Amino acid sequence: MQRTAALDDVIFGVDIQSGDVRGNSPAYALVIFDGESIERDVVSHRKLRRLIETKTPAIVATDNMYELAEDKDALVHFLRELPEETRLVQVTGDQQPEPLSRVATRHGVPYGKDPMEEAEATARLAAGNVGYEVSAFTDTTRLKVARGRSTGGGGGWSEDRYTRRIHGSVKKRTREVERELDAAALDYEREVTEKYGGFANAVFEVQASPGEIPISAERSGDTRIEIERERRDGIEFEPLAHRRDHVVVGVDPGTTTAVAVLGLDGEVLDVYSTRTDDTAAVIEWVIERGRPLLVAADVTPMPETVEKLRRSFDAAGWTPDSDLAVDEKLHRTREQAYDNDHERDALAAALEAYDDHETQFERVAAKVPPREEVGPVLARVVANDESVESVLEDLSDDESEATETSEHEPRELSPEEKEIKRLRERVDRLESHVEDLRGTIEDKDETIAAYEEKLEAARSEQRAETRKRREVNRLERENDRLERELEDERDRVADLEGKLERLKALWKLDHSNFADVEKAKEGLVPVKVVEKFTTEAIEDADDRFGLAEDDIILFRDATGAGRSTAALLADLEPRLVLRTGGLSDVSDEVLFERRVPIAPADAVTVQEVDELAVAREREVEAAIEEWRDYESEREKARTAEMVDQLISEHRASGHGGSV
């Protein structure tokens, strides 16, 4: 959790002015506070949301989160729509908030009952790191790549191609997203739904917040991307400020300043180095991690920069008898993690200072009663060279001062004063009991902290193992994919080899010396095969291998053609049309009128290899001659029919007699 810097961040303090969030059009008192200036306004709920979106404050502070949302679901919706940089803070506590007046008084913040004054109090409290951040989401984000258009269409082969294109676009965009997540070094799990031509959708579970993901929600053409944070089971509260215990600090000054912080048990809490931060920023970094009681350097005398830091913390100083050698630093920090030599030197100074005072720390801790904090006692013993006994006695005297009675003769108390005295004594007893409980809680907190450290170490190992398993799974998936591609290529090669063999056989057929062909001195002619006698099939064949004048065309299914399809075929002026199945009357009439020769498919021997086919020239000529004979007979029959019709019409008109 980052500490709020009131001078740098904009904070919204909000309190309901009139109405109710459960009713219509509630009004809010809004105070915009940046650490120096204050703006005040009364806004609607919609305008408040718009200002949050445009100004993106660091904190939206309130004394009751349910003044902004009518129930838990509405609160989750409100949190989901907050900008990534904005946090909702309830300054009065977590699940059991206190009155705002009590919190403001405790922290010395001006308070009034007017809504605008309450809004200002919440803003100032949040600026002082008072309150709890309200959270409804984890650090896991669900990213979904899906179709941007419906795959429904008009049917036929064009719809298949349209669907295949959309699924292919989703698959391509999924791979692009995967590459971007890998480039950002983010952990994720991917699950895809495969469909015809590619993916219908792909879902990524990314271990990061939306602001850390280099991809935004979008809708573009065939694809869309949806991003949604994973919701917690309930609402959680995280304190803005954490308890600051006493610590030991090691500093290495210079162009690069490095700082190391240790707990009073010698455990390394944090290490930090910077080339750009000024002294104020370094001090703030240390304050966020504890209250220094000992500031150490690795050289003697203490550098002026380190001395200024020590004085700013009112802490004791420590330097070695002589400058620490590099091999000493390497040995003392061999079990610690650091990024550069400056951090190593700061760590060495802190660890050596702790070693020098470890016995003193243990001796003081053993003398401090369980109900007292060790840190404040230890700070006075180390910094001021006081004895443990005198410090404890002084603290005991401070506690008893408030309850001492005056030396003069007490007067008779009124009933009201007696009641007040009785209540005060009861309060004192309760506070004493509370202190005892706090000491117990601190002991348990330390035990919990130790267990949490062990748990964190176990989790760290588990995360490392999980990352390893993910990498293994990824490599296995990649290996499976490459094996599938290899198998597909092998199948393709086998198909091409089979096709090559068939082409060789066809070539041999075209150039062989068959006895019957040689004898008749005839050649072979190509035949172009079309699946159906339909406009779509003819156009498809024309696209694939071309249809031209004097072609021999074979229809595997000649039924069902209409007038326009027959006219389209006649326009090609084929040499011969071979049909399987009967023609419709209308198509037969059109082809006959256009003098297109037609023969049954079994009238000519056709040999096929894939889309290629050949027939014997003499059989083709025989089929054409047979059609011409049929054409002549059909013309004669048509002429005779016309003559008979004319005679019938003449007789019907009343002109009798013989013709």
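By convention here, each chain's residues receive numbers from 1 onward along its written sequence. Residues qualify for local features only when their pLDDT is at least 70, as the model is predicted, and side-chain atom pairs are given and counted only at 80 or more; totals for whole chains, interfaces and linings, by contrast, use all residues. To obtain the side-chain values, all non-hydrogen atoms of the structure were included, while hydrogens and water were left out.

A. Quick look at the nonpolar core. Working definition of a nonpolar core: buried Ala, Val, Leu, Ile, Met, Phe, Trp, Tyr and Cys residues. They are joined through side-chain atoms within 4.5 Å. Burial classification: accessible surface area is computed with a 1.4 Å probe over protein chains only, and a residue below 20% of its type maximum counts as buried, one above 50% as exposed, and the rest as partly exposed. Ranked by internal contacts, the top residues of the largest apolar core, which has 28 residues, are L293, L294, F361, V364, V377 and V382. A run of DSSP states H or I qualifies as a helix once it reaches four residues; a run of E qualifies as a strand once it reaches two. Both are numbered from the N-terminal end. Secondary-structure elements contributing two or more residues to this core are β12 (257-262), β14 (291-296), β15 (316-318), α9 (341-367), α10 (374-384) and α11 (388-401). At nine residues, the largest contribution of residues to this core is made by α9. Only heavy atoms enter the contact rule, under which two residues are in contact if any of them lie within 4.5 Å. In this view, F361 contacts V248, L264, L293, Y354, L378 and V382; residues no more than four positions away in its chain are not counted. In terms of nonpolar packing, the next biggest core, distinct from the first, is built from 26 residues, F12, V14, L88 and I235 among them.

B. View of the sheet that holds β15. A pair of strands is treated as paired once DSSP finds two or more bridges between them. Across the sheet, which stays open at both edges, the five strands sit in the order β13-β12-β11-β14-β15 with mixed pairing between neighbours. Looking at the sheet topology across the chains shown, the edges are occupied by β13 (268-274) and β15. Ignoring which end each strand starts from, the neighbouring axes of this sheet average 25° apart. Bridging between β12 and β13 involves six bridges; their strand directions are antiparallel. Pairing of V259 across the sheet is with Y272, part of β13. Orientation is described by axes fitted as lines to C-alpha atoms, over the contacting stretch for helices, and by angles from 0 to 180 degrees between their N-to-C directions. Against the sheet, helix α7 (residues 304-313) touches β11 (246-252), β14 and β15, its axis set at about 155° to β14.

C. Spotlight on the packing of aromatic side chains. Any two rings among Phe, Tyr and Trp, with Trp reduced to its six-membered ring, count as a pair given centres within 6.5 Å; such a pair is stacked if its planes are under 30 degrees apart, edge-to-face if over 60, and tilted if neither. Under the defined criterion, the tally for this structure stands at five aromatic pairs. Consider the rings of Y272 and W285, whose centres lie 4.5 Å apart with planes at 15°: the pair is stacked. One end of the pair, Y272, is in strand β13; the other, W285, is in helix α6 (residues 279-287), with 13 residues separating them in the sequence. Residue class for W285 comes out buried when judged on its relative accessible area of 10%. Across from the ring centre of F592, 3.9 Å away, lies the NZ or CZ of R634, which sits over that ring. We call a charge positioned above a ring when the Lys NZ or Arg CZ atom is no farther than 6 Å from the ring centre and deviates by at most 35 degrees from the ring normal.

D. Geometry of the side chain of T174. For T174, the location among the structural elements is in helix α5 (residues 156-183). Residue classification places T174 among the buried residues on the basis of a relative accessible area of 0%. Setting aside anything within four residues of it in sequence, one finds T174 in contact with V145, R190, F199, A202 and F204.

E. Structural view of a negative patch on the surface. The grouping of D265, E267, D443, D445, E446, E452 and E453 at the surface amounts to a negative patch. Assignment of secondary structure puts E267 in the loop between β12 and β13. Residue class for E267 comes out partly exposed when judged on its relative accessible area of 40%. Residues form patches when they are more than 30% accessible in relative terms and have no salt bridge. Like charges link within 9 Å. Nonpolar side chains (Val, Leu, Ile, Met, Phe, Trp, Tyr) link within 5 Å. Each accessible area value is a Shrake-Rupley result obtained with a 1.4 Å probe; residue values ignore everything except the protein chains displayed when judging cover. Note on definitions: salt bridges are taken to be side-chain nitrogens of Lys or Arg within 4 Å of carboxyl oxygens of Asp or Glu. The charged-residue count follows a simple rule in which Lys and Arg add positive charge and Asp and Glu add negative charge, with His and chain termini not counted at all. Where a charge lies is defined by one atom per residue type, namely NZ (Lys), CZ (Arg), CG (Asp) and CD (Glu).

F. Spatial organisation of unusual backbone geometry. Following T300, the chain continues into P301 via a peptide bond in cis, with omega recorded as 0°. One can find P301 in the loop between β14 and α7. For T56, which is not glycine, the phi torsion reads 40° and is therefore positive. Tracing the backbone through its elements, the reader meets T56 in the loop between α1 (45-55) and β4 (59-62).

G. Fine view of the packing of α9 against α10. As a packed pair, α9 and α10 sit with axes 10 Å apart at the nearest point and diverge in direction by 130°. Classified by the angle their axes make, α9 and α10 are oblique. Crossing of α9 against α10: the hand is right-handed. On the side of α9, the interface is formed by H357, Q360, F361, V364 and A365, while α10 contributes V374, V377, L378, V381 and V382. Should an angle fall under 35 degrees it is taken as roughly parallel, and over 145 as roughly antiparallel, whereas 65 to 115 is taken as roughly perpendicular and any remaining angle as oblique. Each crossing gets its hand from how the near helix is turned against the far one by less than a right angle, where anticlockwise is left-handed and clockwise is right-handed.

H. Region of interest: helix α16 (residues 585-593). Residues S587, V590, L591 and F592 constitute the buried set of α16. Summarising the contacts, the buried residues of α16 are in contact with α15 (563-571), β19 (598-600) and α17 (617-652). Backbone geometry just downstream of α16 places R595 in the positive-phi region, at approximately 60°.

I. Seen up close, the confidence of the model for the protein chain. One number per residue, pLDDT, summarises how confident the predictor is, and it ranges from 0 to 100. When the pLDDT values of the protein chain are averaged, the result is 83; 87% of them are 70 or greater. Counting contacts from residues 1-7, a segment whose pLDDT is below 50, to residues more than four positions away or on other chains yields 24 contacts. Note on residues 398-411: pLDDT under 50 across the span, and three contacts to partners over four residues away in sequence or across chains.

J. Seen up close, the pairing of strand β5 (residues 87-90). Of the two faces of β5, the one holding R87 and V89 and the one holding L88 and Q90 are both buried throughout. Across four bridges, β4 lies against β5 in parallel orientation. Across the sheet, residue I59 finds its bridge partner in β5, namely R87. As a crossover connection, the stretch from β4 through helix α2 (residues 72-81) into β5 is right-handed. Examined bridge by bridge, β5 and strand β6 (residues 132-147) share three bridges and lie antiparallel to one another. In the strand pairing of β6, V89 is matched with E133. Orient the strands so they point away from the viewer; a crossover is then right-handed if the path from the first strand over the helix to the second runs clockwise.

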